[in-house]
Amino acid sequence: MQYTGRGAYTGFVDNYNTEGNTDPVGPRPTARFVISDTGRNPNVHPRWLPSQTSTLWDPRKRKGAIDSYVPWGMIMGDAAGKDPAQPNTTTATNLADQTTIEMREKFGMLFNGEPTVADLTAYTHGMIQAIYKAYSLGPSCTPYEIAVGSQTKKMAACLPCTLFMVAAGYPPTSTHLGRGESWAPLHEPYNPDGNAEPNEPGVIRDLNNSWYAQCNEFVTLGLKILDDDHIADDHRTGRDAVRDYMDANSDDETVAGTLVLDAVTLHSSETDRINRTLRRR
C-alpha cells in the first residue's frame, strides 16, 4: 500500500543499467523504524532519550491513563493528552494514537516494529531510500522524488534530507524550512518491494559516514557563527553546552550527526527554530 499521508515524499530510481538488475525502483514512501540499544552499532554515538522524570514526557501521557506514554519520536506523540479529532473512526482515545493508527491503516505507512518507551521512533523519507538504492545499483541510476496524496504539497526537501543529499552528492533543487519530524537515515538495507543488492550494507555505511562528516562540518561552522551578537540571550547556555559536548567527544566523528537526529525528535518547524535562536535587532 502506498503511503499518502503527511510527509508523503516518495522516492524513485530511474535504472538505466543494461546488465544485472535493470528494474526501476519505487515507489519508496516514508517508512517508520524502531531504534533501540539492542543491536546498536557500537561505532555510532548513542542516541538521547529524556530521563523518566523529565517533564518532556508530560504531553506524551495518554489521556485518562495512569502510567501510559507514547514512545519518544512518534509523530504527534505530544498530543497524547488531547481528545481524538472527529470523526474518529479508530479505537484511539487520544489524538496521538489516532494519528498513528490513521497513518498506518488509512494512509498506508509501513511500520517496521513497534516501539516501547525505552525505544526511539524514526522515519526515513523516500528520497533518502532512493539515494541508497541508486548508489547500490551504480552510476547509471538517477534517484528522484515526488509528493503523493493531498496532504503533502511542498516540492522541496526538508532540512535533514537536504543535509544528507548534499553529503551524498545529490543537492536538492530547493529546501523547505518546515518539519523533518524524527528524520533518520537507514542503518541497514530496507527493501520492502524487492531484494537487497549485495553491496547495500557497504553503501549504507559509506553514505552514512559522508553524512556524519557533513554534519560535523556544518554543526561546527554553525557554532562559530552563533556568537553573542547573533544568538538570542536565552539560547547562549544551550549553544555553549553543545560546544562543550562536541569538544568532549571530539574523537567521535558521529557525535554531530547524532545531535542533529536528537534535535529533530523535538518536533518543530525549522522556521520556528531559527526565529527562536537568532537575536532580534
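Quick note: structure is the one above.
On a predicted model such as this, the values are computed, not experimentally measured, just so you know.

**Q** Summarise the pattern of salt bridges; cite the residues concerned and give the values.
**A** The final tally for this structure, using the stated rule, is 16 salt bridges. The shortest N-O distance in the salt bridge between Asp97 and Arg62 comes to 2.7 Å. Of this pair, Asp97 sits in helix α1 (residues 95-105) while Arg62 is found in the loop between β3 (31-35) and α1, placing the two residues 35 residues apart along the sequence. The buried category is assigned to Asp97, whose relative accessible area is 17%. Of the charged contacts in the structure, one is a salt bridge between Lys133 and Glu197, with a shortest N-O distance of 3.3 Å.

**Q** Tell me about the sheet that holds strand β2 (residues 25-28), residues and numbers included.
**A** Here three strands make up an open sheet; going across it, the order is β2-β1-β6 and the pairing antiparallel. Each edge of the open sheet is held by one strand with a lone partner, namely β2 and β6 (141-147). Across this sheet, the average inter-strand angle for adjacent strands is 15 degrees, counted without regard to direction. Alignment of strand β1 (residues 9-15) against β6, held across seven bridges, turns out to be antiparallel. What sits directly across from Tyr9, in β6, is Ala147. Against the sheet, helix α2 (residues 126-137) contacts β1, β2 and β6, and its axis sits at roughly 20 degrees relative to β1.

About the cut-offs
- Residues numbered from 1 in each chain as written.
- Predicted model: local features only at pLDDT ≥ 70, side-chain atom pairs only at ≥ 80, totals over all residues.
- Heavy atoms only, no water.
- Salt bridge = Lys/Arg side-chain N within 4 Å of Asp/Glu carboxyl O.
- Helix = DSSP H or I, 4+ residues; strand = E, 2+ residues; numbered from the N terminus.
- Buried < 20%, exposed > 50% of the residue type's maximum accessible area, 1.4 Å probe, protein only.
- Pairing = 2+ DSSP bridges.
- Axes fitted to C-alpha atoms, helices over the stretch in contact; angles between N-to-C directions.
- Contact = heavy atoms within 4.5 Å.

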